[in-house]
Amino acid sequence: MNDHILSVFKDKSNDEVATAMKGKVMNFTTDRRTYLKLSVLAASAAVGLTACGQGGAADGPVTLRFAWWGGDVRHKLTEKIIENFNAAHPNITVKGEYSDWSGYWDKLATQVAANDSPDIIQMDEKYVREYGDRGALFDLKQIKDLQTKDYDPITLNTGEVDGKLVGLVAGIGTLAIAANLNVLKEAEVELPDDTTWSWDDYLELGREIGKKIPGTMGVGIGTTDGDLYIWARQHGDRLYDDDGNVVIKPETLASFWRRLLTASQTGATGKPSAFIEASTAALDQTPMATGKMGLTAMWNTQLVAFAGAHGEDLKLLRLPGESQAVERGA
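Residues numbered from 1 in each chain as written. Predicted model: local features only at pLDDT ≥ 70, side-chain atom pairs only at ≥ 80, totals over all residues. Heavy atoms only, no water.

Caption draft 1: Highlighting the packing of aromatic side chains. Under the criterion given, the structure shown has eleven aromatic pairs. Taken together, a centroid distance of 6.4 Å and an interplanar angle of 65° make the contact between Trp231 and Phe256 edge-to-face. You can see Trp231 sitting in helix α8 (residues 225-234) and its partner Phe256 sitting in helix α9 (residues 250-265), a full 25 residues away along the chain. The two residues Trp231 and Phe256 agree in class, both being buried. In this structure an aromatic cluster arises from ring pairing among Trp197, Trp199, Tyr202, Trp231, Phe256 and Trp257. The ring centre of Tyr131 lies 4.4 Å from the NZ or CZ of Arg134, which sits over that ring. A cation sits over an aromatic face here: Arg259 above Trp199, 4.4 Å from the ring centre. (Phe/Tyr/Trp six-rings, centres within 6.5 Å; stacked < 30°, edge-to-face > 60°. Helix = DSSP H or I, 4+ residues; strand = E, 2+ residues; numbered from the N terminus. Buried < 20%, exposed > 50% of the residue type's maximum accessible area, 1.4 Å probe, protein only. Lys NZ or Arg CZ within 6 Å of the ring centre and 35° of its normal.)

As structure tokens, this is what we get:
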């Protein structure tokens with residue numbers, strides 16, 4: 001599971017929270033409208049920070065900075081959300097600060113160090129603890145009218161650090177495999193049975209596609225902590241224990257990297273240089289979006305953006321290895 005979280009940075013001067021927020025906080029469910037609703041909540045919460053943005057009292061004009069990352073689709077939707085919010089709240093001006101994923105966290109770290117952080121931030125699950133431990137994020141539990149009863153408790157706890165609610169989940173996704181049906185058709189490769197396939201089957205498909213369509217990357221192999229988390233679960237292992245200590249077995253980690261080496265050496269995926277280049281490309285320039293890759297892992301929430309970038313015909317499949325796994329990875 002991958003969570004997108006909205007957090008509010010604490011007041012940069014005195015940490016006082018205004019109390020005149022009644023009626024600006026709404027109840028939330030994790031449906032298609034959640035991102036819009038949570039943006040409204042975060043802005044409303046930040047209004048209570050008496051010295052955030054360009055300042056102003058809780059009942060007076062306030063300017064807020066809202067930072068997020070993402071592809072072109074999310075960028076345009078977020079700008080529309082900000083436009084609608086500003087129109088509905090004349091005393092609040094939200095200014096957007098967009099970055100792509102590769103530069104987002106370096107930029108945010110620099111801003112926080114310089115005491116120039118945005119007021120509202122899109123936060124990734126794995127950074128919540130880092131910024132929460134610094135005491136940099138506002139405790140949303142201080143908003144007396146905040147209603148979270150419709151949240152699943154496990155989902156809600158994603159935004160908690162030491163009993164403080166420092167973020168609210170704006171979206172939940174699951175990792176899946178996207179198959180480019182155009183590439184599979186050109187390579188004359190059948191769509192695999194995703195209820196039974198293994199990681200060996202996945203790499204074999206990559207080798208076949210790469211052989212039949214020179215210049216095409218057969219499959220993508222993930223190297224993020226999320227990919228490792230799933231690999232560990234499938235092998236009956238864990239990345240961390242309940243206290244946050246790294247507990248993954250060396251043999252599990254070695255097998256994870258051995259799979260990537262095998263994929264590269266056998267032609268199932270690209271050479272390391274091509275693989276690194278693809279991993280840092282903008283979404284609309286990735287091999288999957290441009291029709292130069294057969295299959296790869298992606299979050300289910302990214303399907304529309306990848307498919308729409310250049311009109312590719314993509315289909316989501318279950319992860320390989322689930323039917324053979326000690327424990328399901330996704």
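Let us keep going from here.
Caption draft 2: Layout of the packing of helix α3 (residues 101-113) against helix α4 (residues 125-133). Contact pair α3 / α4: the axes reach a minimum separation of 13 Å and the direction vectors enclose 10°. The orientation of α3 with respect to α4, classified from their angle, is roughly parallel. Residue-level inspection shows Trp101, Trp105, Leu108, Ala109 and Val112 of α3 in contact with α4, the latter providing Lys126, Tyr127 and Tyr131. (Axes fitted to C-alpha atoms, helices over the stretch in contact; angles between N-to-C directions. Parallel < 35°, antiparallel > 145°, perpendicular 65-115°, else oblique. Contact = heavy atoms within 4.5 Å.)

Caption draft 3: Broad picture of the environment of Val73. Tracing the backbone through its elements, the reader meets Val73 in helix α2 (residues 72-88). Measuring from C-alpha to C-alpha, the distance between Val73 and Gln302 comes to 9.6 Å, with 229 residues separating the pair along the chain.

Limitation: the analysis is restricted to geometry and does not speak to function.
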